[in-house]
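Fold and geometry: a report
Take a look at the letters that make up each chain.
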Amino acid sequence: MYGTGILKALAVTFKNALRPPFTVQYPDEKVAISLRFRGYNFAWYREKCTVCCTCAKACPVGIIYIVGRLQPNNAYYAERFEIDTGRCLFCGLCVESCPFEAIYMGREFEQAKYARREEFIDWAKKDGDPRVPSSWFRPCEEAGVETHYLQPEQRKVNL
Amino acid sequence: MVEVYQHYLRAGPPAALLTESDRDEGQRINELIMRCRTPYPDQPPGFDRGTPGIVVTTADTMLNWARRNSVWPVLLGLACCAFEMIAAAASRFDLARFGMEVFRGSPRQADLLIVSGTVTWKMGEALRRIYDQMAEPKWVMAMGSCATCGGPFTNAYNVVNGVNLLMPVDIYVPGCPPRPDALIYGLMQLQKKIEQESLARKRK
């Protein structure tokens, strides 16, 4: 019996021809991004940060710049906190290493820039801006469970 | 066999294996490294824009419309970022929606050079030649952290610390590698930049 092979093959072709397209119409419709996505726009919280520089030490490429100042109440104040996302690997080691939950990965990916210098994000300058933290390494965040880390008000800084 | 390998480790390849062309190539690459010390300055959109008249503005609108809707990239993939570029061109993230699906094999017919991946100095020579062969108008996109600034290989002896040492870059897309969506967003930003260009000023 000749011709069965080609009919089988054409059946596959027609099955796929009738299937709806799966192209994502990107600017209008976006791919669902995981809550634990390791993206740009690191969310950094000044009130939680103690300028211990553990993130800067953990960073494999060394792109986190921190300048701290000692306040009269014996706590450190971060004057400068800059991340060069142009060189970042988005490995999340800074987030894993932070002992006070002060830094989170972001959930955005649209960060193309016209100049190299614009790729530095300086969260210390953008204190009031909204943050979109990813729950990478901190699943408590997405579950709404309280964490075991000390919150700033529980920490005794007046020694 | 082990002795030969140990000799390689100790003293490099024996002189008999080093041909004349190897020496020439090494010399050329060293000259390129010496020549490319300072990066090309970034040019944000609207950079040094003159005050064009009505005729130029109308021509600009037409030309920019045509140019930004038919940006053809060079078929060039250097490292792992190239796979994201391929994914962006494939059917799920369809670059053809932006008129960019025609990856040209010849730089003469292309407008956009997507530097997708780590650029070594040995490849940098070829990359610069491809850039020189492209006809004006041409744009360059640094895709991923390696092309932007060397990425994790910044301190390596053989890697170009940012492709802006070799050629002027129009847009930087961060990521390691960037998602296909992020690449498409970068291309959309590039389209916005092309929209603001003018005949009244000289490019580059």
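In what follows, the structure referred to is the one given above.
The shown structure was predicted, so the numbers you read here are calculated from the model rather than taken from an experiment.

Once that is clear, we can look at the pairing of strand β2 (residues 139-143) of chain B. Residue and element names in this part refer to chain B. The element β2 is largely enclosed, with a buried count of five among its five residues. Every second residue of β2 is oriented toward a common face, with Trp139, Met141 and Met143 on one face and Val140 and Ala142 on the other, all of them buried. Sheet topology places strand β1 (residues 112-116) next to β2; five bridges connect them, and they run parallel. The residue bridging isoleucine 114 from the neighbouring strand is methionine 141, located in β2. Taken together, β1, helix α5 (residues 121-133) and β2 form a β-α-β motif whose crossover is right-handed. Here three bridges tie β2 to strand β3 (residues 171-173), and the two strands are oriented parallel to one another. Its bridge partner being in β3, alanine 142 is matched across the sheet by tyrosine 172. On the question of chirality, the crossover connecting β2 to the parallel β3 by way of helix α6 (residues 144-149) is right-handed.

Counting residues in each nonpolar core, the largest one holds 57 residues, and the members touching the most others are A:Phe42, A:Ile64 and A:Phe81. It is helix α7 (residues 180-195) of chain B that contributes the most residues to this core, eight residues altogether. In this structure A:Ile64 touches A:Cys55, A:Ala56, A:Cys59, A:Phe81, A:Glu82, A:Ile83 and A:Cys94, once residues within four positions along its chain are discounted. One finds B:Leu32, B:Cys36, B:Val140 and B:Ala142 within the second-largest nonpolar core, a separate group that totals 24 residues.

Cut-off values and rules
- Residues numbered from 1 in each chain as written.
- Chains lettered and ligands numbered in written order.
- Predicted model: local features only at pLDDT ≥ 70, side-chain atom pairs only at ≥ 80, totals over all residues.
- Heavy atoms only, no water.
- Buried < 20%, exposed > 50% of the residue type's maximum accessible area, 1.4 Å probe, protein only.
- Helix = DSSP H or I, 4+ residues; strand = E, 2+ residues; numbered from the N terminus.
- Pairing = 2+ DSSP bridges.
- Right-handed = clockwise from strand over helix to strand, strands pointing away.
- Core = buried A, V, L, I, M, F, W, Y, C linked by side-chain atoms within 4.5 Å.
- Contact = heavy atoms within 4.5 Å.

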